[in-house]
Amino acid sequence: MNDVERMLQRALVRHADEAPRSGQLLHRLRGRARRRRQRQLIALTCGLAVALCALAVGVQGGLAGLSERAGQSGASPLAPSTPAPVYLTLAPGPVTIDGYSVKPTRPMPGLKQQATIVAAGVPIVLYVSTTGANAGMSVQVSAAPPVRQSTAGSASYRVRTHPATFVPSLASDPTKWSLCWQEKPDRWLTIEGFGPVVIGDLLTYAEGIGPVRVPFDMPFAFGLTPSNLIVDDASASWVTFRPGNVAPGGVAESKLAVLLDERLPEAPGGRGVQVGQRPGVIFTTGGTTMLSVSQRDGRAITIQVPPNIGVTEPELIRFAAGIRVTSAAVAGKG
Amino acid sequence: MRANFEEFVVARGPALLRFAYLLTADGYLAEDLVQEALLRTHRRWSAVEHVDGPEPYVRKAILHLYLSWRRRRSSSETPVADLPERPVPDHLADLFAERDEMWLLLRQLPRSQRAVVVLRYYEDLADADIANLIGCSAATVRVHAFKALKKLRAALESNTETQLVSTETTP
């Protein structure tokens, strides 16, 4: 080893002692895993809604393409793979979500209603097993027909007076089944589930779905609205907003998210800030800016701003200061 | 999280943080990389736990994250074109000057060269093992090391000449 190599080795050994302490590493790792699971859950619940929206876009694009091809030749531009940045614009006023246009009135044996959420702008009612078995179900209403599934093994039934198609094993996911029917030109109902199902029970349940408007209970009251963003997902624990250049149900990392956490998260490299009358901490992780604001009951509101949405720190704090937790909110669990 | 994964984090966390810190020279970034690498390892824990042990997998993940990480906002690392001026050091300050000077020079190296010198001179790995971790040939590792040492030597010699000139001109 020559002199430079020895100097190099000495420098590395001495500076290694300056590394961060590991005492909180496991705790911070758990917090990071929890936040990631929350984002993944948001993305997972968009699965069917994304397919529906993709089909709707495809249908519209196909019609547009037909008229284009009739008149002229030309290729439609490819959608950009990463959204161009947009800058957050705030306006006074609350954020509201259109209520559900479906209300189940009959039980589904073996399942219980767990939550009502909005995914990719589409309201969905979620069911889970009452016994912890591997079974579940979702119910949603859409303006466009669902993705056409393979007809292999499908059967025709009626829900009230409407023809309905039951597919016992979806081409997109063979572990799932679905029942779908159309009630109006712009109203399609889809029940999709996994686990054992008795078709008689399913039809009885489907016939009890009433076309009434049920308001969605927002987990937060917003004093300021992100006026150039669109509400994409919502549940009892979070609300996400997407820019117009991000498709409904787009990746979670391209949407602004407001979440309710059980406590203020660990914030490596974070800086304390004052958000209205409450203390908060601002930090970045993986390119995303996070502002967490402590609540009186120990819970925390966390706002995640992805790299494709620009916002100044004062504006982010102003937005956060106008957010209140409602009685419908449930903190996300990790 | 699985109990044996958590045991691994507690036991090897300090070493992983030191490794990441020497690569990045940034405590926050080091922790960010280590957390991300550990999360990815956790997803594949049952596969990596028993084969060669999880640590090589985690170190490889840290390395790849470091080599591919794109700086999205300014970090605490501020590469300088010229070495900061230093007064002629006395005997006790010689050690600190040498340490700080080498550390500053290290921060100016390209990431691939820096990764190689950390793995060779701190982790004491053979070139073949370094090549396996980084995902290149042993010959490439030797090239990186050669270039890094050449750059460091040239900068040190240049700075020594500057200090000698300052000494001579200082009354």
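A count of helices and strands for chain B gives eight helices and zero strands. Shown N-terminal to C-terminal, the secondary structure of chain B runs as helices and strands in the order α-α-α-α-α-α-α-α. The buried share of chain B, taken over its 171 residues, is 43%. A fraction of 69% describes how many contacts in chain B between residues 6 or more apart in sequence connect residues 24 or more apart.

Taken together, the contact between chain B and chain A spans 39 residues of the former and 36 residues of the latter. Surface buried jointly by chain B and chain A totals about 3700 Å² across both partners, of which 66% is contributed by carbon and sulfur atoms. Glu31 of chain B is the partner of Arg28 of chain A in a salt bridge, and the nearest nitrogen-oxygen pair spans 2.9 Å. The tally of links between chain B and chain A comes to five residue pairs in polar contact (both at pLDDT 80 or more). When contributions to the side of chain B that touches chain A are tallied by element, the ones reaching two or more residues are helix H1 (3–24), helix H2 (27–43), helix H5 (91–107), helix H6 (111–121) and helix H8 (138–169) of chain B. A per-class count over the side of chain B that touches chain A returns 23 nonpolar, three polar and 13 charged.

The next point concerns the confidence of the model for chain A. Residues and elements named next belong to chain A. Of the residues in chain A, 81% reach a pLDDT of 70 or more, and the chain-wide mean stands at 79. When mean pLDDT is taken per element in chain A, strand E22 (residues 323–325) scores highest with 95 and helix H3 (residues 47–71) scores lowest with 39. Predicted confidence for residues 48–81 stays below pLDDT 50, and this span has 26 contacts to residues more than four positions away or in other chains.

Once that is clear, we can look at the environment of Arg40 of chain B. All names here are of chain B. Position of Arg40 relative to the elements: it lies in helix H2. What makes Arg40 partly exposed here is its relative accessible area of 37%. Taking the C-alpha atoms as reference points, Arg40 and Ala61, 21 residues apart in sequence, are found 8.0 Å from one another.

A separate point is H2 of chain B. Residue and element names in this part refer to chain B. Helix length check: H2, at 17 residues, gives a terminal C-alpha distance of 25 Å against a target of 24 Å (1.5 Å per residue), a fit within 8%. A large share of H2 lies buried, amounting to twelve of its 17 residues. Along H2, the residues that are buried comprise Leu29, Ala30, Glu31, Asp32, Leu33, Val34, Gln35, Glu36, Ala37, Leu38, Leu39 and Thr41. Two or three places before Tyr28, at the start of H2, stands the capping residue Asp26, its side-chain oxygen 2.9 Å from that residue's backbone nitrogen.

So, on to the nonpolar core. Here is a general trend for soluble globular proteins: nonpolar side chains tend to be buried in one another's company. Grouped together as the largest cluster of nonpolar side chains are 58 residues, with contacts concentrated most on Leu8 of chain A together with Leu38 and Ile62 of chain B. Per-element accounting of this core gives the leading share, ten residues, to H1 of chain B. Membership of the second largest hydrophobic core comes to 33 residues, among which are Val118, Leu229, Val305 and Phe319 of chain A.

The full count for this structure, using the stated rule, is 17 salt bridges over all chains. Taking the shortest distance from any N to any O, the salt bridge between Glu315 of chain A and Arg318 of chain A comes out at 2.8 Å. With Glu315 of chain A and Arg318 of chain A both in helix H5 (residues 313–321), this residue pair falls three residues apart, about one helical turn. Given a relative accessible area of 24%, Glu315 of chain A falls into the partly exposed group. By relative accessible area, Arg318 of chain A is classed as partly exposed at 40%. Its salt-bridge partner being Glu55 of chain B, residue Arg59 of chain B comes within 3.0 Å of it at the nearest N-O pair. Linking Arg59 of chain B with Glu55 of chain B, this pair stays in helix H4 (residues 54–68), spanning four residues, or about one helical turn. The class of Arg59 of chain B is buried, set by a relative accessible area of 11%. The network of salt bridges with shared partners includes Asp232, Asp233, Arg242 and Lys255 of chain A.

For the rest of this paragraph, the subject is the packing of H4 of chain B against H6 of chain B. Residue and element names in this part refer to chain B. Orientation of H4 relative to H6, taken along the N-to-C sense of each, is 155°, at an axis distance of 9 Å. Between H4 and H6, the interaxial angle falls into the category roughly antiparallel. For the pair H4 and H6, the sense of crossing is right-handed. Side by side, H4 and H6 meet where Leu63, Tyr66, Leu67 and Ser68 of the first sit next to Arg111, Ser112, Arg114, Ala115 and Leu119 of the second.

Our focus in this paragraph is H4 of chain B. With 15 residues, H4 of chain B extends 21 Å from end C-alpha to end C-alpha; this agrees with the ideal 21 Å at 1.5 Å per step. Where H4 of chain B is concerned, the buried positions are Pro54, Glu55, Val58, Arg59, Ala61, Ile62, Leu63, Leu65 and Tyr66 of chain B.

Residues and elements named next belong to chain A. Of note, the phi angle at Arg160 is positive, near 55°, even though the residue is not glycine. With respect to the helices and strands, the residue Arg160 is situated in the loop between strand E7 (155–159) and strand E8 (162–167). Residue Arg160 is classed as partly exposed on the basis of its relative accessible area of 33%.

Here we take up the confidence of the model for chain B. Residues and elements named next belong to chain B. For chain B, the mean per-residue pLDDT works out to 77, and 72% of the residues sit at or above 70. Within chain B, the element-level pLDDT minimum falls on H5, averaging 66, and the maximum on H6, averaging 94. Model confidence for the complex: the whole-complex pTM is 0.52, and ipTM, which rates the interface, is 0.77.

The next subject is the packing of aromatic side chains. Going through the model one piece at a time under the given rule, you end up with eight aromatic pairs over all chains. Between Phe166 of chain A and Trp177 of chain A, the aromatic rings sit 6.3 Å apart at their centres with planes inclined by 35°, giving tilted as the arrangement. Within this pair, whereas Phe166 of chain A is found in strand E8, its partner Trp177 of chain A is found in strand E9 (residues 176–184), the two being separated by eleven residues in sequence. Residue Phe166 of chain A shares its accessibility class with Trp177 of chain A, and that shared class is buried. Linked through ring pairs, Phe220, Phe222, Phe241 and Phe319 of chain A together constitute an aromatic cluster. For Arg59 of chain B, the ring lying beneath its charged end belongs to Phe19 of chain B, and the centroid distance is 4.9 Å. One residue, Arg111 of chain B, lies across the ring of Tyr66 of chain B, its end atom 5.8 Å from the ring centre.

Below, the discussion takes up the pairing of E8 of chain A. All names here are of chain A. Where E7 and E8 come together, five bridges link them in antiparallel fashion. Its bridge partner lying in E8, Ala155 is registered against Phe166. Of the strand pairs in this sheet, E8 and E9 are connected by four bridges, and their pairing is antiparallel. Among the inter-strand pairings, Val167 is bridged to a residue of E9, identified as Ser178.

Basis of the calculations
- Residues numbered from 1 in each chain as written.
- Chains lettered and ligands numbered in written order.
- Predicted model: local features only at pLDDT ≥ 70, side-chain atom pairs only at ≥ 80, totals over all residues.
- Heavy atoms only, no water.
- Helix = DSSP H or I, 4+ residues; strand = E, 2+ residues; numbered from the N terminus.
- Buried < 20%, exposed > 50% of the residue type's maximum accessible area, 1.4 Å probe, protein only.
- Contact = heavy atoms within 4.5 Å.
- Buried area = accessible area lost by both parts, 1.4 Å probe.
- Salt bridge = Lys/Arg side-chain N within 4 Å of Asp/Glu carboxyl O.
- Polar contact = N/O pair within 3.5 Å; in protein donor to acceptor, adjacent residues only side chain to side chain.
- Nonpolar A, V, L, I, M, F, W, Y, C, P; charged D, E, K, R; others polar.
- pLDDT = per-residue confidence, 0-100.
- Expected span 1.5 Å × (residues − 1).
- Core = buried A, V, L, I, M, F, W, Y, C linked by side-chain atoms within 4.5 Å.
- Axes fitted to C-alpha atoms, helices over the stretch in contact; angles between N-to-C directions.
- Parallel < 35°, antiparallel > 145°, perpendicular 65-115°, else oblique.
- Left-handed = near helix turned anticlockwise from the far one by under 90°.
- Phe/Tyr/Trp six-rings, centres within 6.5 Å; stacked < 30°, edge-to-face > 60°.
- Lys NZ or Arg CZ within 6 Å of the ring centre and 35° of its normal.
- Pairing = 2+ DSSP bridges.

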